[in-house]
Amino acid sequence: MQVAVVLFTRDLRVHDNPALAAAVEEAETVLPLFVLDDGIGRTRYGAAENRRAFLLEALADLDLSLRSLGGALDVRRGEVVTETVRAMREVGAVTVFANTDVSPYAIARERRLGAEVDLRLLDGNFVVPAGEVTPMGNDYYQVFSPYHRAWSQVPPGLPVATPAVIRLPPGVEPGPVPVSRVVAPVRGGESTGIERAGSWLRTHLDGYGSGGHDALAADTTSRLSPYLHFGCVSPRSLAVRAQEQGGDAFVRQLCWRDFYAQILFARPGTQVDDMRPRGDRWLDDPEGLAAWKEGMTGYPLVDAGMRQLRQEGWMHNRARMVTASFLVKDLGIDWREGARHFFDLLLDGDVAQNIGNWQWVAGTGVDTRPNRIYNPTAQLRKLDPEGGYVRRYVPELADVPARAIAEPGLLAPSYPGPIVDHSLAVEAFRRRRGLG
Ligand SMILES: Cc1cc2nc3c(=O)[nH]c(=O)nc-3n(C[C@H](O)[C@H](O)[C@H](O)COP(=O)(O)OP(=O)(O)OC[C@H]3O[C@@H](n4cnc5c(N)ncnc54)[C@H](O)[C@@H]3O)c2cc1C
């Protein structure tokens, strides 16, 4: 093949990138292309500003890496299929290589592109591609444990090599990548992602399974989720490296990522619809929703989590679970409201992961205990016993002793009292679910 286009989407790396490697292998010259897709901002789960900043940083980094190999990144703006076809015509390519994805938006994009040009899809976004392991009689797993067992049996395959050299089609000279007006809370891109993965595996993998995963104040999870979402770090390479170092607990989390991806792939409707409807009648409570979003519920752990989200574009997984449970089960507000807010602010905002986790917490998804309710005060005592996490994000409580923070009530003059009584809220939720 003389010339090919490789269309980057959320696989913004040169290492272990099957689409890039295949294009370079098969074609004499390759145009690396990224289309800033105007359509994404208009979807229900549109592009958050800080996620866009992270993306632009990742594109600049990818461009640098491609240039160091002899290529460059051609960044265009517009409708992705139209722009890809246009770029292909300009360079005389008939084939485009891309890594396949699972969201309904991405699948529709692949279908439209495949109808217009020769599209070669490869697997680079997950450790085990969605649909590769399925249970008897179904096209996806609904329960995590059997999925994890089957997933663990699949050999991850060898990461593909970074191309030694990339030759651009003659006469092609891509200009500079657009610069973000906003600075992302953490630096986007493959270089930073690889560095972060390396240092985290060296320093924190060991303690991850024995408490590191839960300790809110210590903040020792990998924080690789935005890099995984944009593909700055290859999930497969990461899993292989962690496995080699005995990091089973961490690899299991990467399996959760694949698990939710295979659900959305098989059941695209779940990005909006309850996977398992529970007959919920959600409450219309704009004040409660606003207090939750602002981190002003009077429950310190919930408020710390919600403020961390706003400040950093990221929230610790345990805090995500408690804040989400509080919205849905204490306030009785539709999980879709929460998912939308998370999506507006999360750097790692990802349809499959966000929706899958929200439905899990709401009990409309794959949790085998759908009516579990996290007690935000008990969780605070367990996950943040010294109050370090709360104090970091709720300055009003900076001088309140840990013991007092973990008791419901009026904690400081500038901090609100609890907006609901947890035990009454639990009773109300159980009644609404018909549990007596
Ligand atoms: C309500 C709610 C919404 C969420 N929304 C998102 C989202 O939009 N995007 C997203 O990437 N994650 C989401 N998560 C999952 C999880 O909270 C984050 O992936 C994790 O906190 C990221 O931090 P980390 O990279 O330090 O994770 P680590 O603990 O270091 O884990 C490593 C990687 O494993 C994966 N992982 C870990 N926990 C989960 C999980 N519960 N589900 C799926 N994958 C997981 C992530 O890719 C993560 O980067 C959500 C969780 C909840 C409860």
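Residue indices follow the written sequence of each chain, beginning from 1 at its first position. For a predicted model such as this one, the threshold for reporting local features is a pLDDT of at least 70, and the threshold for listing and counting side-chain atom pairs is 80 or more; totals across whole chains, interfaces and linings nevertheless cover every residue. Side-chain numbers come from the whole structure's heavy atoms, not from hydrogens or water.

Trainee: Looking at this structure, I do not really get the packing of aromatic side chains. What am I missing?
Mentor: Geometry of an aromatic ring pair is reported as the spacing of the ring centres plus the angle between the planes. Side-chain rings of Phe, Tyr and Trp, where Trp is taken by its six-membered ring, are said to pair if the distance between their centres is within 6.5 Å; with planes under 30 degrees apart they count as stacked, over 60 as edge-to-face, and otherwise as tilted. Across all of its chains, the model carries 17 aromatic pairs by this definition. A ring pair is formed by W256 and F259, whose centres lie 5.5 Å apart and whose planes are at 85°; its orientation type is edge-to-face. One end of the pair, W256, and the other, F259, are both in helix α10 (residues 248–266), three residues apart, so they sit about a helical turn from each other. Note on W292 and F342: the rings are 6.0 Å apart at their centroids and 5° apart in plane angle, and the pair reads as stacked. Separated by 50 residues along the polypeptide, W292 in helix α11 (residues 286–294) and F342 in helix α14 (residues 335–345) bring together distant segments of the chain. In this structure, W292 and F342 share a single accessibility class: buried. Through a chain of ring-to-ring contacts, three or more aromatic side chains come together here, namely Y141, F144, Y147, W256, F259 and Y260. Over a ring means this: the NZ of a Lys or the CZ of an Arg is within 6 Å of the ring centre and within 35 degrees of the ring normal. Across the ring face of F343, the terminal group of R51 is positioned such that the distance to the ring centre comes to 4.4 Å. Each helix is a run of H or I in the DSSP string that is no shorter than four residues. Each strand is a run of E no shorter than two, and both are numbered from the N terminus. Exposed residues in this analysis have more than 50% of their type's maximum accessible area, buried residues have under 20%, and partly exposed residues fall in between, with area computed by a 1.4 Å probe over protein chains only.

Trainee: When you look at the site of the ligand in this model, what are you seeing that I'm missing?
Mentor: One heavy atom within 4 Å of a molecule or strand makes the whole residue count as near it. The immediate surroundings of the ligand are formed by 29 residues, with Y208, T221, S222, R223 and N317 found nearest. Separating an oxygen atom of the ligand from a backbone N or O atom of S225 is a distance of 3.0 Å. Throughout this description, a polar contact denotes any pair of N or O atoms lying within 3.5 Å of each other; where both atoms belong to protein, one of them has to be capable of donating a hydrogen while the other can accept it, and for residues adjacent in sequence the pair is counted only when both atoms sit in side chains. Within the side chain of R320, an N or O atom sits 3.3 Å from an oxygen atom of the ligand. All accessibility values rest on the Shrake-Rupley procedure with a 1.4 Å probe; residue burial counts only the protein chains present in the view. For the ligand, whose unbound accessible area comes to 810 Å², protein coverage reaches 98%. Whether a set of points on the 1 Å grid over the protein atoms alone is a cavity depends on a 1.4 Å probe fitting there but being unable to get out, while an open set qualifies as a pocket with protein on both sides within 12 Å along at least five of seven lines; lining residues are those with an atom within 4 Å of a point. Being in a pocket or cavity means that more than half of the molecule's atoms lie within 2 Å of its grid points. Applying the majority rule of atoms within 2 Å of the grid points places the ligand in the largest pocket. For the shell around the ligand, the elements supplying multiple residues, two or more each, are α8 (225–229), α10, α13 (317–330) and α15 (351–362). No other element matches the six residues that α10 contributes to the shell around the ligand. When residues of the shell around the ligand are assigned to domains, at least three fall in each of domain 2 (126–157 + 192–266) and domain 3 (286–432). Domain delimitation in this document rests on an assignment produced automatically or drawn from a domain database.

Trainee: Could you clarify how one ought to interpret α15 in this entry?
Mentor: An α-helical segment advances 3.6 residues per turn. Residues three or four places apart therefore align on the same side. Expected span, for any helix, means 1.5 Å times one less than how many residues it has. In a regular helix each residue adds 1.5 Å, so 12 residues correspond to 16 Å; α15 covers 16 Å between its end C-alpha atoms and thus fits that length. By the criterion of burial, α15 is predominantly enclosed, with 11 of the 12 residues buried. For α15, the set of buried residues is V351, A352, Q353, N354, I355, G356, W358, Q359, W360, V361 and A362. Residue contacts are counted whenever heavy atoms from the two residues lie within 4.5 Å of one another. Tucked inside the fold, the buried residues of α15 contact α10, α11, α13 and α14. With a side-chain oxygen lying 3.1 Å from the backbone nitrogen of A352, the N-terminal cap of α15 falls on D350.

Trainee: What's the story with the layout of surface pockets in this structure? I'm lost.
Mentor: It is the rolling of a water-molecule-sized probe over the atoms that shows where space remains empty. Reported here for the largest pocket is a volume of approximately 950 Å³. In terms of lining, the largest pocket is formed by 36 residues, of which the most central are Q253, W256, N317, R320 and N357. Broken down by secondary-structure element, the contributors of at least two residues to the lining of the largest pocket are α8, α10, α13 and α15. Of the residues belonging to the lining of the largest pocket, the class tally is 18 nonpolar, 12 polar and six charged. Grid points are joined across faces, edges and corners, and a volume is the space filled by probe spheres set on the points. Each residue gets one label: Ala, Val, Leu, Ile, Met, Phe, Trp, Tyr, Cys and Pro are nonpolar, Asp, Glu, Lys and Arg are charged, and the others, such as Gly, are polar.

By themselves, these are just geometric observations and shouldn't be taken as functional.
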